[in-house]
Amino acid sequence: MRIVNVAAAALLAGTMTGLSGGALAQERTVKITGFGAKSGVVRVFGVNSEAAMKAAAEEINKAGGVTLGDGAKAKLSVEFLDDRCNAEEGISVIRRIASSDAFVAVGPTCSNVAESLFGILQKKVGDTSDSGLQFPVFADVAAKGGLAAISEWAFRNVPSELEMYKSLFAWLKREHPNLKTIYGGVEKDFAHSNATYGVMKKQAEENGFQLLGTGEWLLNDTNFSTQVREMRRTNPEIVAISAHPFTTCGVLREMDRQGVKPKLLIGLTSSSSIETLQGCAKQAEGIIIPTSFAPVTPEAKAAAENVSKQGGSMDLHSAAAYEIMFILKDVIESQKIMAKPDTVQADRTKMRQGLAALKETKGLLGSVGRTNDREAIKPYLYVHAKDGSWQVLHKPSS
Amino acid sequence: MDFYLGLAQVIGVHTLLGLSAYCVLLTGQVSLAQAAFFAVGAYVAAILTVIFKWHLFAALGVSAVVSGLTACAVGFPALRVKGLMLVVATLAFGEAVRLFFFNFTYQIQAGELKIGPHGAEGFRQIRYFPEHGWSTFDVLMFIWLMVAIVMACLWWLDQSRAGAVMRAVGEDEVAAHSSGINVTAVKVLAMTIGGVIAGIGGGIFAHYTTHIEHVQFGVILATFAIAYPILGGLSNVFGTLLAVIFIQGFLIEGLRFLGDWRNLLFGALIVLAMNLRPRGFLDAGGVASLKRMLFAGKEGSGA
């Protein structure tokens, strides 16, 4: 009898072990690695992206997680690495991620980092003469135009600034026919702001605005008196500033100090963020910025709250990171990604194929189109700073 | 594995940058212009391989010569001043070069694309390595072959009379001058050799990062360039290598997992290292101890 009991106990223990092993096998975790700037003056973008990715992962996990190719359910976890907005470090980070079991990475923040690390990826898929890294990278923040064209392994979920400013200047011409002159300001040493200023300038001129001059400064500048003095001398009706929140606020404060009061202010997409309002809400009052995010839909409002709980704030960049997590979930499921150590390269190929095949994704403001060159066509609207918050001014797509 | 190979590439290229400053420091001069020579090398080599489709070796040769000539040209006027004035003069030159590339545009049409440096937006698609099928390991081997050649040359130079002359100028310029050494010629020569090495390093840098722009060649890079040999010690070339491994391998990559704390620790650990080893990781005393340890057994067996 005793032997029977021992045998039964052993059988039970074995069964339990098997069950718990099985349960453990079911409780898998898929790590998605993000990377970007979490140091320096653009640190806040990395902080927000990380918070957005974590908030999205939490939402996905609450809804049951993601179904892998073998039918197992998995939770998503997020790791975020700092590249300090430095191209060399960005390359090291992507090599580090690619040396792990990861099948995709989300980032980077800075366009100059994206330029370099997209350059080390294989340019054309299947080109055996190209020894570039075969690893899919999905950019959330790096906004300089045309970057995904560098490699077929590069994808972006950033808005087209060309379309946004084209629409904005045409709208300004219609809505403010009395305004004729414009003065530009550009953060010259930052790839994104510099490239976008080119877009702003071209669109302004094509819509008949007379450009009176351009003030230039650098990302780390703190004194803008010379540039603003020159601006004041030309007495423009519109001032268009292509700069990130830190120097945008510096220039706006200096304009306030020198009594420069244009009839209209236009800002860079990246400045439609909480940082601008925290830094210079009074001086930024009325500034118009096209953006691909505003909490105007129930999904967008809920997402903004979730990101806030994770210690970040939702803007057009972190919204892109949030959306990317849901896109990745869909691609993992549709492409039957296994997420196992022995299927890493196959999973990467599947992920790339899945992302390249997307024609439309779900965004926080509505459907997001996907182009053949792996870019996004995002819905956008114009916001303006009013009473210390961003409020929707116009919805061109509606 | 690819990550470690990539990290070893970074260490190799930064070693070249550090060695370019090492030459100048041997003569007692502190130059913040090494990042500028590095930038000249990067842009020249990239233009030659991307626009003119040159072979990389030829492009690196030309970039070394152009950077060397630039350093030589800068050396004559800059080395008339000493100490802090030289630091300011070379810093100003470095900024001038950076601003030159900030405004430098030279693009040609290649199919649907325009290629070449484009001012503040930089110079993209410098993809010689992947387009010619070089694996990460191949690139690593090439970089370290260059590092080995440069280190061997500098080691030989250090052991030669020319090296003794350079160190003599570095130790006491007046005494060196009194003993008949042409101090200006020695300093300019050191600056030129440093320029050549920085030119090679910059050329390789442009090709492994695939995109270069003026921001990369600013004061921070110039500071790193002189920090490597100072932190590593000037007793021989290996000190610079050790310092690069410490900064790039340990402080930057090794501590990345610490997130925000990494940046705080970065400065603190450098200060700590400088306090513990004020004459560098490999100072003369350290080298002598190493020699005693390594050769003690042989001496004993021979006795």
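This text follows the structure it describes.
Computed from a prediction, not measured in an experiment: that's the story for all the values here.

Chemist: Just checking my understanding: could you explain the packing of aromatic side chains for this structure?
Modeler: The description of an aromatic ring pair rests on the distance of the ring centres and on the angle between the ring planes. Under the definition given, this model contains 25 aromatic pairs over all chains. Measuring from centroid to centroid gives 5.3 Å for B:Phe38 and B:Phe205, while their planes differ by 50°, and the two rings are tilted. A residue pair is termed long-range when its members are at least 10 positions apart, and B:Phe38 in helix H2 (residues 34-50) and B:Phe205 in helix H9 (residues 183-209) qualify at 167 residues. Centroid distance B:Phe205 to B:Phe217: 5.8 Å. Interplanar angle 70°. Geometry classified as edge-to-face. Of this pair, B:Phe205 sits in helix H9 while B:Phe217 sits in the loop between H9 and helix H10 (219-232), and the two are 12 residues apart along the sequence. Of the aromatic side chains, those joined through ring pairs into one cluster are B:Phe38, B:Tyr43, B:Phe100, B:Phe101, B:Phe104, B:Phe205, B:Tyr208 and B:Phe217. A:Arg352 extends its terminal NZ or CZ atom over the ring of A:Trp153, reaching a point 5.9 Å from the ring centre.

Chemist: Any chance you could explain the state of the cysteines here in plain terms?
Modeler: Should the sulfur atoms of two cysteines be covalently bonded, the bond is a disulfide. For the structure on display, the rule yields two disulfides over all chains. Each sulfur of the disulfide joining A:Cys85 and A:Cys110 lies 1.9 Å from the other. Taking the torsion about the S-S bond as the criterion, the A:Cys85 to A:Cys110 disulfide, at about -120°, is left-handed. Here A:Cys110 lies in the loop between strand E4 (105-106) and helix H4 (111-119) and A:Cys85 lies in the loop between strand E3 (73-82) and helix H3 (87-98), a separation of 25 residues in the sequence. Between the sulfur atoms of A:Cys249 and its disulfide partner A:Cys280 the distance amounts to 2.1 Å. Across the disulfide from A:Cys249 to A:Cys280, rotation about the S-S bond amounts to roughly -70°, and the bridge is consequently left-handed. In this pair, A:Cys249 sits in helix H8 (residues 245-258) while A:Cys280 sits in helix H9 (residues 274-284), placing the two residues 31 residues apart along the sequence. When the cysteines engaged in disulfides are numbered in sequence order, chain A pairs them as 1-2, 3-4. B:Cys153 supplies the cysteine sulfur nearest to B:Cys23, a cysteine that is in no disulfide, at a spacing of 10 Å.

Chemist: What is the right way to read the pairing of strand E12 (residues 360-363) of chain A from this model?
Modeler: Across a regular strand the side chains alternate sides, sitting on one face of the sheet and then on the other. All names here are of chain A. Of the two faces of E12, the one lined by Thr361 and Gly363 is fully buried and the one lined by Glu360 and Lys362 carries no buried residue. Summarising the sheet, E12 and strand E13 (residues 366-370) pair through four bridges and their orientation is antiparallel. Residue pairing across strands places threonine 361 opposite valine 368, the latter belonging to E13.

Chemist: What should I look at first to understand the environment of B:Val215 in this one?
Modeler: Along the chain, the position of B:Val215 falls in the loop between H9 and H10. Separated by 116 residues in the primary sequence, B:Val215 and B:Leu99 place their C-alpha atoms 9.2 Å from one another.

Chemist: What's the story with the interface of chain B and chain A in this structure? I'm lost.
Modeler: Many structure descriptions define interface size as the accessible area lost when the parts assemble. Listed per partner, the contact involves 38 residues of chain B and 40 residues of chain A. Run the count over chain B and chain A and you get six salt bridges. Residue A:Glu89 pairs with B:Arg256 through a salt bridge whose shortest N-O separation is 3.2 Å. At the boundary of chain B and chain A, one finds 19 residue pairs in polar contact (both at pLDDT 80 or more). Counting only elements with at least two residues in the side of chain B that touches chain A, the list comes to helix H1 (2-26), helix H4 (83-103), helix H5 (128-131), H9, helix H11 (238-254) and helix H12 (261-276) of chain B. It is H1(B) that provides the largest number of residues to the side of chain B that touches chain A, a total of six residues. Residue classes in the side of chain B that touches chain A are distributed as 13 nonpolar, 14 polar and 11 charged.

Chemist: Help me understand the packing of H11(B) against H12(B), please; the structure alone is not making it clear to me.
Modeler: Relative placement of two packed helices is described by the angle separating their axes and the distance separating the axes. Residue and element names in this part refer to chain B. H12 packs onto H11 with a crossing angle of 145° between their chain directions and a minimal axis gap of 10 Å. With respect to the hand of their crossing, H11 and H12 are arranged in right-handed fashion. Along its contact with H11, which presents Phe246, Ile247, Phe250, Leu251 and Ile252, the element H12 presents Arg262, Phe266, Leu269, Ile270 and Ala273. Of the residues belonging to the contact of H11 with H12, the class tally is nine nonpolar, no polar and one charged.

Chemist: What is the right way to read the sheet that holds strand E1 (residues 28-36) of chain A from this model?
Modeler: Two strands in a sheet stick together by hydrogen bonds in their backbones, pointing the same way (parallel) or opposite ways (antiparallel). All names here are of chain A. Across the sheet, six strands lie side by side as E2-E3-E1-E4-E5-E6; this open sheet has mixed pairing. Each end of this open sheet is capped by a strand with a single partner; those strands are strand E2 (66-67) and strand E6 (154-156). Strands E1, E3, E4 and strand E5 (137-139) of the sheet are contacted by H3, whose axis makes an angle of about 155° with E3.

Chemist: Hey, could you run me through the environment of A:Tyr380 in this one?
Modeler: All names here are of chain A. With respect to the secondary-structure elements, tyrosine 380 resides in the loop between strand E14 (376-377) and strand E15 (381-386). For tyrosine 380, a relative accessible area of 18% translates into the label buried. Sequence spacing of tyrosine 380 and glycine 145 is 235 residues, and the spatial spacing of their C-alpha atoms is 16 Å. A distance of 3.4 Å separates a polar atom in the side chain of tyrosine 380 from a polar atom in the side chain of serine 167.

Chemist: How should the sheet that holds E14(A) be read in this particular structure?
Modeler: Residues and elements named next belong to chain A. Strands sit in the order E12-E13-E14 across an open sheet of three strands; the sheet is antiparallel. Both outer strands of the open sheet, E12 and E14, are each paired with one neighbouring strand and no more. The pairing of E13 with E14 spans two bridges and is classified as antiparallel. Bridge pairing in E14 places glycine 369 opposite isoleucine 377.

Chemist: I keep staring at a nonpolar patch on the surface and nothing clicks. Help me out?
Modeler: Residues and elements named next belong to chain B. On the surface, Leu290, Met293, Leu294 and Phe295 cluster together into a nonpolar patch covering about 430 Å² of accessible area. Along the polypeptide, phenylalanine 295 turns up in helix H13 (residues 284-302). Phenylalanine 295 sits in the partly exposed class, given a relative accessible area of 37%.

Chemist: What am I meant to see in the nonpolar core here?
Modeler: If you look at the biggest cluster of nonpolar residues, it comprises 83 residues, and the most contacted ones within it are B:Leu154, B:Ile204, B:Ile212, B:Phe217 and B:Ile247. Non-local contacts of B:Phe217, meaning those with residues more than four positions away in its chain, are made with B:Ala35, B:Phe38, B:Ala39, B:Ala42, B:Tyr43, B:Arg98, B:Phe205 and B:Ile212. Listed in part, the 41 residues of the second largest apolar core include A:Ala52, A:Phe103, A:Val307 and A:Met351.

Procedures and definitions
Residues numbered from 1 in each chain as written. Chains lettered and ligands numbered in written order. Predicted model: local features only at pLDDT ≥ 70, side-chain atom pairs only at ≥ 80, totals over all residues. Heavy atoms only, no water. Phe/Tyr/Trp six-rings, centres within 6.5 Å; stacked < 30°, edge-to-face > 60°. Helix = DSSP H or I, 4+ residues; strand = E, 2+ residues; numbered from the N terminus. Lys NZ or Arg CZ within 6 Å of the ring centre and 35° of its normal. Disulfide = S-S within 2.5 Å. Buried < 20%, exposed > 50% of the residue type's maximum accessible area, 1.4 Å probe, protein only. Pairing = 2+ DSSP bridges. Contact = heavy atoms within 4.5 Å. Salt bridge = Lys/Arg side-chain N within 4 Å of Asp/Glu carboxyl O. Polar contact = N/O pair within 3.5 Å; in protein donor to acceptor, adjacent residues only side chain to side chain. Nonpolar A, V, L, I, M, F, W, Y, C, P; charged D, E, K, R; others polar. Axes fitted to C-alpha atoms, helices over the stretch in contact; angles between N-to-C directions. Left-handed = near helix turned anticlockwise from the far one by under 90°. Patch = residues over 30% accessible without salt bridge, like charges linked within 9 Å, V, L, I, M, F, W, Y side chains within 5 Å. Areas by Shrake-Rupley, 256 points an atom, 1.4 Å probe, with all protein chains shown as cover. Core = buried A, V, L, I, M, F, W, Y, C linked by side-chain atoms within 4.5 Å.

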